[in-house]
Amino acid sequence: MGRRARLGLVLCLAALWAGGLAAADEEGNQDESLESKTLSAEDQVKDHSTGTRVVAGQIFLESGKSDSQSEDEENFHSQEEEKESSLEELNSLEMSNLLNKDLEEAEIQSPVLTAIGGTADGEPCHFPFLFMEKEYAECTADGREDGRLWCATTYDYKKDQKWGFCETEEQSNKRRQMQEAEDVYQTGMKILNESSKKAQKKEAYQYLLKAADMNHTKAMEKVSYALLFGDYLKQNIQSSKELFEKLTEEGSPKGQMALGFLYASGLGVNSSQAKALVYYTFGALGGNLIAHMILGYRYWAGIGVLQSCESALTHYRLVANHVASDISLTGGTVVQRIRLADEVENPGMASGMLEEDLIQYYQFLAEKGDVQAQVGLGQLHLHGGRGVEQNHQRAFEYFNQAANAGNSHAMAFLGKMYSEGSDVVPQSNETALQYFKKAADMGNPVGQSGLGMAYLYGRGVPVNYELALKYFQKAAEQGWVDGQLQLGSMYYNGIGVKRDYKQALKYFNLASQGGHILAFYNLAQMHATGTGVMRSCHTAVELFKNVCERGRWSERLMTAYNSYKDGDSNSAVVQYLLLAEQGYEVAQSNAAFILDQKASIVGENETYPRALLHWNRAASQGYTVARIKLGDYHFYGFGTDVDYETAFIHYRLASEQQHSAQAMFNLGYMHEKGLGIKQDIHLAKRFYDMAAEASPDAQVPVFLALCKLGVIYSLQYVREINIREIFSHIDMDQLLGPEWDLYLMTIIALLLGTIIAYRQRQHQAIPRPAGLRPAVPQQEPPPEHQPPQ
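If you're wondering where the values come from, they're calculated on a predicted model, not measured in any experiment.

*Asks:* Just checking my understanding: could you explain the overall build of the protein chain for this structure?
*Replies:* Of regular secondary structure, the protein chain possesses 37 helices and six strands. Among the 789 residues that make up the protein chain, the fraction classed as buried is 42%. Taking the contacts inside the protein chain whose residues are at least 6 apart along the sequence as the reference set, 55% of them involve residues at least 24 apart. In the structure as shown, the protein chain presents an accessible area of about 43100 Å², 52% of it carried by carbon and sulfur atoms.

*Asks:* Quick question: what am I supposed to make of a nonpolar patch on the surface here?
*Replies:* Judged by side-chain polarity, L744, I748, L752 and I756 come together as a nonpolar surface patch covering roughly 360 Å² of accessible area. Within the secondary structure, L744 sits in helix α37 (residues 740–765).

*Asks:* How should the packing of aromatic side chains be read in this particular structure?
*Replies:* Two descriptors summarise a pair of aromatic rings, namely the distance from one centre to the other and the angle between the planes of the rings. Counted by the stated rule, this structure contains 28 aromatic pairs. Look at F635 and Y636: their rings are 5.0 Å apart centre to centre, the planes differ by 75 degrees, and that puts the pair in the edge-to-face class. Assessed through its relative accessible area of 52%, Y636 is described here as exposed. Between the aromatic rings of Y636 and F638, the centroid separation amounts to 5.8 Å while the plane-to-plane angle is 25 degrees, which identifies the pairing as stacked. Note on F638: relative accessible area 32%, which makes it partly exposed. Three or more aromatic residues joined by ring pairs form one cluster here, namely F127, F129, F131, Y136, W150, Y157, W163 and F165. Sitting above the plane of the F165 ring, R148 keeps its charged end 3.8 Å from the centroid. Directly above the ring of Y471 sits K470, whose terminal nitrogen or CZ lies 5.6 Å from the centroid.

*Asks:* When you look at the environment of H216 in this model, what are you seeing that I'm missing?
*Replies:* Mapping H216 onto the fold places it in the loop between α7 (198–213) and α8 (217–229). The buried category is assigned to H216, whose relative accessible area is 6%. Sequence separation between H216 and V184 is 32 residues; the distance between their C-alpha atoms is 9.5 Å. Residues contacting H216, with those up to four places away along its chain left out, are M178, A181, E182, Y185 and A211. A distance of 3.2 Å separates the side chain of H216 from the backbone nitrogen of A219, its partner in a polar contact.

*Asks:* Please clarify how the nonpolar core should be interpreted in this entry.
*Replies:* It is characteristic of soluble globular proteins that their nonpolar side chains tend to be buried jointly. If you look at the biggest cluster of nonpolar residues, it comprises 152 residues, and the most contacted ones within it are F261, Y316, Y576, I594 and W615. Here this core gets nine residues from one element, more than from any other, and that element is helix α24 (residues 517–529). Within the second largest apolar cluster, twelve residues are counted, among which are C125, F129, W150 and W163.

*Asks:* Any chance you could explain the state of the cysteines here in plain terms?
*Replies:* Working definition of a disulfide: a covalent bond connecting the sulfur atoms of two cysteines. A complete count under the given rule lists three disulfides for this structure. Here C139 is linked by a disulfide to C166, with a sulfur-sulfur distance of 2.0 Å. One disulfide, between C139 and C166, carries an S-S torsion of -90 degrees and so falls in the left-handed class. Here C139 is found in the loop between β4 (134–136) and β5 (150–152), whereas its partner C166 is found in the loop between β6 (163–165) and α6 (169–194), with 27 residues between them in sequence. There is a disulfide in this structure between C309 and C537, and the S-S distance comes to 2.0 Å. Here C309 and C537 share a disulfide; its torsion about the S-S bond, -115 degrees, makes the bridge left-handed. Placement of the pair is C309 in helix α13 (residues 309–325) and C537 in helix α25 (residues 537–548), with a sequence separation of 228 residues. The class for C537 is buried, based on a relative accessible area of 10%. Once the disulfide-bonded cysteines of the protein chain are ranked by sequence position, their pairing pattern turns out to be 1-3, 2-4, 5-6.

*Asks:* In this structure, what is going on with the packing of helix α22 (residues 481–493) against helix α23 (residues 501–513)? I would like to understand it.
*Replies:* In a pair of packed helices, the angle between the axes and the distance between the axes together describe the arrangement. Running from N to C, α22 and α23 cross one another at 160 degrees; their axes reach a closest spacing of 8 Å. Relative to α23, α22 is oriented roughly antiparallel. Handedness of the crossing formed by α22 with α23: left-handed. Judged by residue contacts, V481, Q484, L485, L487, G488, S489, Y491 and Y492 of α22 engage Y501, Q503, A504, Y507, F508, L510 and A511 from α23.

*Asks:* For this particular structure, what's the right way to read helix α10 (residues 253–265)?
*Replies:* The end-to-end C-alpha distance of α10 is 18 Å, a good match for the 18 Å that 13 residues give at a rise of 1.5 Å each. The element α10 is extensively covered by neighbouring structure, given that 13 of its 13 residues are classed as buried. Within two residues after α10, G266 carries a phi angle of roughly 70 degrees, on the positive side.

*Asks:* I keep staring at helix α31 (residues 644–658) and nothing clicks. Help me out?
*Replies:* Each α-helix turn comprises 3.6 residues. Residues three or four places apart therefore point the same way. Along its 15 residues, α31 runs 20 Å from first to last C-alpha, staying within 8% of the 21 Å computed at 1.5 Å per residue. Those residues of α31 not exposed but buried are A647, F648, H650, Y651, A654 and S655. Projected down its long axis, α31 carries its buried residues within an arc of 165 degrees, all on one side. Buried residues belonging to α31 abut α30 (624–636) and α32 (661–673). The N-terminus of α31 is capped by D643, whose side-chain oxygen sits 3.3 Å from the backbone nitrogen of E645. Count one or two residues on from α31 and you reach H659, which has phi positive near 55 degrees.

*Asks:* Teacher, can you tell me more about unusual backbone geometry here?
*Replies:* Glycine aside, residues mostly have negative phi angles, and peptide bonds mostly take the trans form. Following F127, the chain continues to P128 via a peptide bond in cis, the omega torsion being -5 degrees. With respect to the secondary-structure elements, P128 resides in the loop between α4 (93–109) and β3 (129–131). The phi dihedral of Q161 falls on the positive side, at around 55 degrees, and the residue is not glycine. Structurally, Q161 is set in the loop between α5 (157–160) and β6. Judged by its relative accessible area of 40%, Q161 falls in the partly exposed class.

*Asks:* Before we go on, may I ask you to explain the side chain of S563 in this structure?
*Replies:* One can find S563 in helix α26 (residues 555–565). Sequence-distant contacts of S563, defined by excluding residues within four places in its chain, comprise D568, S571, A572 and Q575.

*Asks:* Quick question: what am I supposed to make of the confidence of the model for the protein chain here?
*Replies:* Of the residues in the protein chain, 76% reach a pLDDT of 70 or more, and the chain-wide mean stands at 78. Of the regions scoring below 50 in pLDDT, residues 1–56 engages in 101 contacts with residues more than four places distant in sequence or in other chains. The low-confidence segment residues 768–789, where pLDDT is below 50, has one contact with residues more than four positions distant or belonging to other chains.

*Asks:* Explain the pattern of salt bridges here, please?
*Replies:* Where charged atoms from two side chains of opposite charge approach closely, those side chains can pair. According to the stated counting rule, one finds 18 salt bridges in the structure shown. One salt bridge connects K545 with E549, and the closest N-O pair in it is separated by 2.5 Å. In this pair, the class of K545 matches that of E549, namely buried. Linking E555 and R552 is a salt bridge whose minimum nitrogen-to-oxygen distance equals 3.9 Å. Beyond isolated ion pairs, a larger network of salt bridges with shared partners links R298, E581 and R617.

*Asks:* Could you clarify how one ought to interpret the environment of A572 in this entry?
*Replies:* With respect to the secondary-structure elements, A572 resides in helix α27 (residues 569–581). Beyond its immediate sequence surroundings of up to four residues, A572 is in contact with A560, S563, Y564 and I594.

*Asks:* Can you walk me through the packing of α7 against α8 in this structure?
*Replies:* Contact geometry of α7 with α8 gives a least axis separation of 8 Å together with a crossing angle of 120 degrees. On the basis of their axis angle, the class for α7 and α8 is oblique. Between α7 and α8 lies a crossing of left-handed hand. Each of Y205, L208, L209, A211 and A212 in α7 lies in contact with α8, whose residues at this interface are A219, M220, K222, V223 and A226. Within the contact of α7 with α8, the residues separate by chemical class into nine nonpolar, no polar and one charged.

Parameters and conventions
- Residues numbered from 1 in each chain as written.
- Predicted model: local features only at pLDDT ≥ 70, side-chain atom pairs only at ≥ 80, totals over all residues.
- Heavy atoms only, no water.
- Helix = DSSP H or I, 4+ residues; strand = E, 2+ residues; numbered from the N terminus.
- Buried < 20%, exposed > 50% of the residue type's maximum accessible area, 1.4 Å probe, protein only.
- Contact = heavy atoms within 4.5 Å.
- Areas by Shrake-Rupley, 256 points an atom, 1.4 Å probe, with all protein chains shown as cover.
- Patch = residues over 30% accessible without salt bridge, like charges linked within 9 Å, V, L, I, M, F, W, Y side chains within 5 Å.
- Salt bridge = Lys/Arg side-chain N within 4 Å of Asp/Glu carboxyl O.
- Phe/Tyr/Trp six-rings, centres within 6.5 Å; stacked < 30°, edge-to-face > 60°.
- Lys NZ or Arg CZ within 6 Å of the ring centre and 35° of its normal.
- Polar contact = N/O pair within 3.5 Å; in protein donor to acceptor, adjacent residues only side chain to side chain.
- Core = buried A, V, L, I, M, F, W, Y, C linked by side-chain atoms within 4.5 Å.
- Disulfide = S-S within 2.5 Å.
- Axes fitted to C-alpha atoms, helices over the stretch in contact; angles between N-to-C directions.
- Parallel < 35°, antiparallel > 145°, perpendicular 65-115°, else oblique.
- Left-handed = near helix turned anticlockwise from the far one by under 90°.
- Expected span 1.5 Å × (residues − 1).
- Arc of directions from axis to C-beta.
- pLDDT = per-residue confidence, 0-100.
- Nonpolar A, V, L, I, M, F, W, Y, C, P; charged D, E, K, R; others polar.

Next comes the structure, spelled out in structure tokens:
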């Protein structure tokens, strides 16, 4: 019994260690429905390996050099520390021998593969065995047409002819079915990744549907999301729910996260925030980044859980680590934040999208040799966004044309593309260095920054921190964000300069003003750990949230917008609802906007309450229109009871915090009518005046409201005074003289005379109606050229 107990302890420790490795290799990091590639977990671990100090501008906290340690590291590495401490306590020669002995026993007691059927039924398989002059260390299907696995029970099969199957016929059929499903899945994925046409993508999903019907897990994940969003398959919430339930039973983190989303939003199921939280938690434990992001937002906003900044920090930091590791030298994904409500209110407002005609115009200029157009289109295709898909081939062609014309910016970006490498441009440090040098010699900050990177990492040149610092400083002085970021990293890590957290903070702040994702990430790390600044969990969470929202799942914002523009509101609202769960304010407001228009995917009686929920979440993140919408909903009783006091509070918040002219006008109206507040015409006028000052568009309605207010004020004044009492105190003899009555009668007589004379003249000028005129015999008209008599 003692040996068995010790063996159990060893196996438990081994299982825990293996579980840690399995968690690191978890594939469910990102939404499978997005057709984009990410770094594998192994590559991400390599980027964060021990001893690495700077990777593409990231900072990594070294143990022992910072007094405060991040909480998420404690949470996610506590198991490893416990295992290490347990092993240290057992670190003696006796225990070492004991472990070796127990492991030997475990090997002896491990189940041996037994031959089934054949000529050696029940005998143990012999590995390796020799067949057709080739050694096999595992079961094989060679030599069989049915593909069933078999093994030999002696070393030389040809000599002894002793063999048996390694699996039952049922197991064989199941394995072949899964292999067939895998082949179908790979065919579908190949078509999906290599094609850009909608018809071909639909064809790819037919293969995925077939693989999903054969219980292929990854195919089921792809198909379930496609059915949920209506991507290349007809939207079917119920079918997607059934697939998610099946995936959840199999332990798929993506299925668990998606089922949590259905319960959170009440799509296809009765809404249950408790069940949603459970599924989100299981999805996060399985390594799904979107589930972590949703939990981070829920803990930050206190949705369904007690508000906890530290818990939010744990989840957001884990996701931000993956997003930051996916950022290349050419930058991160461009996030298009288009608010549908703003588009309706301001049709002429630029949404950030480029019209097709405008793109064609720039293409025409580029073909004619316009260098600026070539560089602009190159950057547009390099990063994607503004309605243009990422296309490195097109970007390379445009940059090449501009570089041949001597444009330093194009040379620098070509250097970036060669330094990074892609399917289109092979990675080449030497070629990148040539372009960076040419651009840097012309004073281009992008080239200077690229040259600094080459000297910092020794790419094509020996490592030289002094030269790296010099080129980064030159780039930073010209306001280039990469130079500022790398300069901050050097000061933070003390590479080539004395470590200076204040200088690091300064350059990270400058780079963050330019929108660099890694600058936000580094600032978040510093605020989370209190390095160089006072520790602020709230600031760190907001910065990490910003980084997380730059992940590749943000591409779904553009997909949802296109669905809405194509008239598919149901598909758009489901996509926006998932992004809203992740904490995107623009998705929350857009989901509320579509629900406000009575989206058919939810019941008619549920649209306003659900819209109210998402307006509320968007308003809590500072969106002015959402705050005013909350006031409107409570004022008119949409999705809630009529509540003028609450409406007044929301309008006042929008007025004080965002200086909204609409909110000020509404406050003026409520003061005028006494709705939710005591009636006060003076305060009403004050708010109307403030609205006119806040926005020129409010001046006309404010003028009309003030005219109305003046009339009401006059009537109220007249109503409040006693006219008879006023006239009783007036002495007309003293005011107008003793003969005032004669003067008054004379004036009245003159007025009457004037009126009578005017009426008589007007009566004479009016012609008689045609029906009352006497009949006049018709005479022939005189000739046109009759001479005068």
